[in-house]
Amino acid sequence: MLTFTVRHMPEKRLQLRIGLNSGPCVAGVVGFATPRYCLFGDTVNVAARMESTGEAMKIQITQTTEAILRCLGAFHTELRGVVQVKGKGEMQTFWLVDVERG
C-alpha cells in the first residue's frame, strides 16, 4: 500500500473512501465564469452513496459493478452485505479487494 504525506499535516495518514457504480449518466460543463465538468444522474448519486457509506482504505462497489468486474475476470471482490442507502433503500454491496496484474 502506498503512503502519501499531506504537506501541512505530515503526522496524519491520508485515508480514502471510494465508491463505484456503473450505469447511465449525463455529463456537461456547467457555469460561465468558472466552468466545471459535472456528471449527473442516479448512477452518480449511488456512487456517491457507496463512498459515504464505505470504510477508510476500501473501495465499495454496487452489485451492478460487481457483475461487470466478474465478467472481466481479473478482479477479486468480497461480499460486504446489505447496506441502507438513502433514497434507494437496501442495496447489496461488495468490496473491491484486488486485481490480477500481469
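Calculation criteria
Each chain has its residues counted from 1, running along the sequence as written. Reporting in this predicted model follows two pLDDT cut-offs: at least 70 for local features of residues, and 80 or more for side-chain atom pairs to be given and counted; totals over whole chains, interfaces and linings ignore these cut-offs and use all residues. Hydrogens and waters are ignored; side-chain quantities use all the structure's heavy atoms. Secondary structure elements follow DSSP: runs of H or I of four or more residues count as helices, runs of E of two or more count as strands, with numbering from the N terminus. Residues adjacent in sequence count toward polar contacts only when both atoms are side-chain atoms; beyond that, a polar contact is any pair of N or O atoms within 3.5 Å, and within protein one must be able to donate a hydrogen and the other to accept it. Only heavy atoms enter the contact rule, under which two residues are in contact if any of them lie within 4.5 Å. We treat two strands as partners when DSSP finds at least two bridges between them. Every angle, taken between N-to-C directions, lies between 0 and 180 degrees, and every axis is a line fitted to C-alpha atoms, over only the stretch in contact when it is a helix.

A.B. asks: Is there a simple way to explain the side chain of Thr43 in this structure?
C.D. replies: Tracing the backbone through its elements, the reader meets Thr43 in helix 1 (residues 42-52). Among the polar contacts listed, one links the side chain of Thr43 to the backbone oxygen of Pro24, at a separation of 2.6 Å. The residues contacting Thr43, other than those within four sequence positions of it, are Asn21, Ser22, Gly23 and Pro24.

A.B. asks: Would you mind showing me how to read the sheet that holds strand 4 (residues 58-62) here?
C.D. replies: In sheet architecture, strand pairing relies on hydrogen bonds along the backbone and comes in two forms, parallel and antiparallel. The strand order 1-4-6-5 describes an open sheet built from 4 strands, whose pairing is mixed. In the strand order of this sheet, the two ends are held by strand 1 (17-20) and strand 5 (75-85), each with one partner. With direction set aside, neighbouring strand axes in the sheet form an average angle of 30 degrees. As paired strands, strand 4 and strand 6 (residues 89-99) are joined by 4 bridges and run antiparallel to one another. Within the sheet, the bridge partner assigned to Thr62 lies in strand 6 and is Thr93. Across the face of the sheet, helix 1 comes into contact with strand 1, strand 4, strand 5 and strand 6 while running at roughly 150 degrees to strand 1. Sheet contacts for helix 2 (residues 63-72): strand 1, strand 4, strand 5 and strand 6; angle to strand 4, the most-contacted strand, approximately 100 degrees.

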